[in-house]
Amino acid sequence: MQGKYTKIIFKLFKDKNYTYLLKQALKFLKLKFSPVVKKRLTSPLIATLITTYHCNSQCLKCIKQGLKKDEPELKTKDFKALIDDLKNLKVSGISFTGGEPLLRTDIIELFEYAVSKKLFVHLSTNGYLLDAETSERILKTGLDSINISLDSADSAKMAQVTGVNDSLSLVCQGIANIVAARKKLQVKVELGVVTILNFKSFEEFEAVVTLAKKLGVDGLALNLYHVFPQTLEKAKENISQGVILDKIIKYQKRDKFIENSSAYLKLSRKFFKGEPLPFCCKAGYNFMVIDPYGQVFPCFVWQELGNNTLSLKGRKISEVIFSPEYEALTKQALSCRSCYWHSYQENNLLFRAFLR
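Summary of the structure given here.

Cut-offs applied
- Residues numbered from 1 in each chain as written.
- Predicted model: local features only at pLDDT ≥ 70, side-chain atom pairs only at ≥ 80, totals over all residues.
- Heavy atoms only, no water.
- Helix = DSSP H or I, 4+ residues; strand = E, 2+ residues; numbered from the N terminus.
- Buried < 20%, exposed > 50% of the residue type's maximum accessible area, 1.4 Å probe, protein only.
- Pairing = 2+ DSSP bridges.
- Phe/Tyr/Trp six-rings, centres within 6.5 Å; stacked < 30°, edge-to-face > 60°.
- Contact = heavy atoms within 4.5 Å.
- Disulfide = S-S within 2.5 Å.
- Arc of directions from axis to C-beta.
- Polar contact = N/O pair within 3.5 Å; in protein donor to acceptor, adjacent residues only side chain to side chain.
- Salt bridge = Lys/Arg side-chain N within 4 Å of Asp/Glu carboxyl O.
- Core = buried A, V, L, I, M, F, W, Y, C linked by side-chain atoms within 4.5 Å.
- Patch = residues over 30% accessible without salt bridge, like charges linked within 9 Å, V, L, I, M, F, W, Y side chains within 5 Å.
- Areas by Shrake-Rupley, 256 points an atom, 1.4 Å probe, with all protein chains shown as cover.

Quick look at the environment of Ala 114 now. Mapped onto the elements, Ala 114 comes out in helix α4 (residues 107-116). Judged by relative accessible area, Ala 114 falls into the buried class, the value being 0%. Sequence separation between Ala 114 and Phe 79 is 35 residues; the distance between their C-alpha atoms is 9.8 Å.

Rendered as structure tokens:
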């Protein structure tokens, strides 16, 4: 997972954008020291755009559909304006997610627009809508990476997790279509799968890895099953997963197909003991999230923890994230110990390693 952040650096080298690269290095330093002085010194590294809360799946791990409102979601022009503002803020990358982002009819147009701004562009999807034509259209936009959820190699278990009977076959076909399109178009889009560790034997994990390799993806990232807001209480009930985790740590040392860092996997032992995160979470400074109604908040799971958000209400992102109100939310996130979400904690660990 930490490797995805280095992709941003490699992209800048490839484009010979050395001035911007230097600015990003300075940005990294400012991000490192923002939590120390408890004041935002620069814009976030990554912006997550939740393009819709609508989804064609009913995953056990997700409550996003419960956040839908009786009001229209942001239009194409609204998201383009957000992308413009994020570019002006010198945000390094944008992650498109949902719900299921491919349900938006304008999503490929948004990919194209973000790529045209020379931003690192990432897509998270369940993969159900990745037919051959859509896969080619997506890759032609020039986006940088795609993650697809793959929570089991067993059809019945996958259906139980997703609430969709043929979800495993849909995901496998979607991955196959992306792999075929990538070969046909000769593009270097990183393709990974994300799987949730919960109630799984080591044999189930190995089966998912075997299937992912067979499908031709580049790597697999593990995340931990969170049930907000009682995540740590529920995790403690599954302390046996810590034993499985020890096996996975050994597996990761010999097989770099596993994208998680060993530091994150070792940290996850505390999760299955029901222990709070042992250090300050800097997600509020390194990331920001904007949902389809223009609500802004520090991290992807913020609403699931029952926290307040801020509304854009016609304001630019720059006006919001440097406001006293948003600074208060960021400081609140700094003291949060409720989450071991892989993308945030890999980033935290990366910054801690840099400090050491």
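Next comes the rest of the description.
Looking now at the sheet that holds strand β1 (residues 46-50). Here we have 9 strands laid out as an open sheet, ordered β6-β5-β4-β3-β2-β1-β7-β8-β9, and mixed in their pairing. Both outer strands of the open sheet, β6 (219-224) and β9 (310-311), are each paired with one neighbouring strand and no more. Taken together, the 2 bridges between strand β7 (residues 287-290) and strand β8 (residues 295-297) define a ladder with antiparallel strand orientation. By the bridge assignment for β8, Ile 290 is matched with Val 296.

Using the criterion set out here, one finds 9 aromatic pairs in the structure. For the pair Phe 202 and Tyr 251, a centre-to-centre distance of 6.1 Å together with 70° between the ring planes defines the contact as edge-to-face. Remark: Tyr 251 occurs in helix α10 (residues 241-254) and Phe 202 occurs in helix α8 (residues 202-215); sequence separation between them is 49 residues. When sorted by exposure, Phe 202 lands in the same class as Tyr 251, which is buried.

Position of Leu 82 relative to the elements: it lies in helix α3 (residues 76-88). For Leu 82, a relative accessible area of 6% gives the class buried. Once residues within four sequence positions are removed from consideration, Leu 82 is found in contact with Leu 74, Ile 290, Leu 312 and Ile 317.

Within the structure shown, the criterion is met by 0 disulfides. The thiol of Cys 280 is unpaired, and the distance to the nearest cysteine sulfur, on Cys 281, comes to 8.9 Å. Overall, the relative accessible area of 34% leaves Cys 280 in the partly exposed class.

All of the buried residues along helix α6 (residues 155-162) are Met 158, Ala 159 and Thr 162. Summarising the axial view, the buried residues of α6 lie within an arc of 100°, below the 170-degree limit, and thus occupy one face. Exposed residues on α6 whose side chains face more than 90 degrees from its buried face are Ala 156 and Gln 160. Where α6 begins, the capping side chain belongs to Asp 154, and its oxygen is found 3.1 Å from the backbone nitrogen of Ala 156.

This part takes up the pattern of salt bridges. One pass over the structure, following the stated rule, counts 10 salt bridges. Of the charged contacts in the structure, one is a salt bridge between Arg 104 and Asp 106, with a shortest N-O distance of 2.8 Å. Both residues of the pair, Arg 104 and Asp 106, belong to the buried class. The shortest N-O distance in the salt bridge between Arg 269 and Asp 246 comes to 3.0 Å.

If you look at the biggest cluster of nonpolar residues, it comprises 102 residues, and the most contacted ones within it are Phe 96, Ile 146, Leu 220 and Ile 317. In terms of residue count, the dominant contributor to this core is α8 (7 residues). Contact partners of Ile 317, with chain neighbours within four places excluded, come to Leu 82, Asp 85, Leu 86, Leu 89, Met 288, Ile 290, Val 296 and Leu 312.

Taken together, Leu 22, Leu 26, Leu 29, Phe 33, Val 36, Val 37 and Leu 41 make up a surface patch of nonpolar side chains, about 640 Å² in accessible area. Mapped onto the secondary structure, Leu 41 falls in the loop between α2 (18-37) and β1.

Function-wise, these values are silent; they only describe arrangement.
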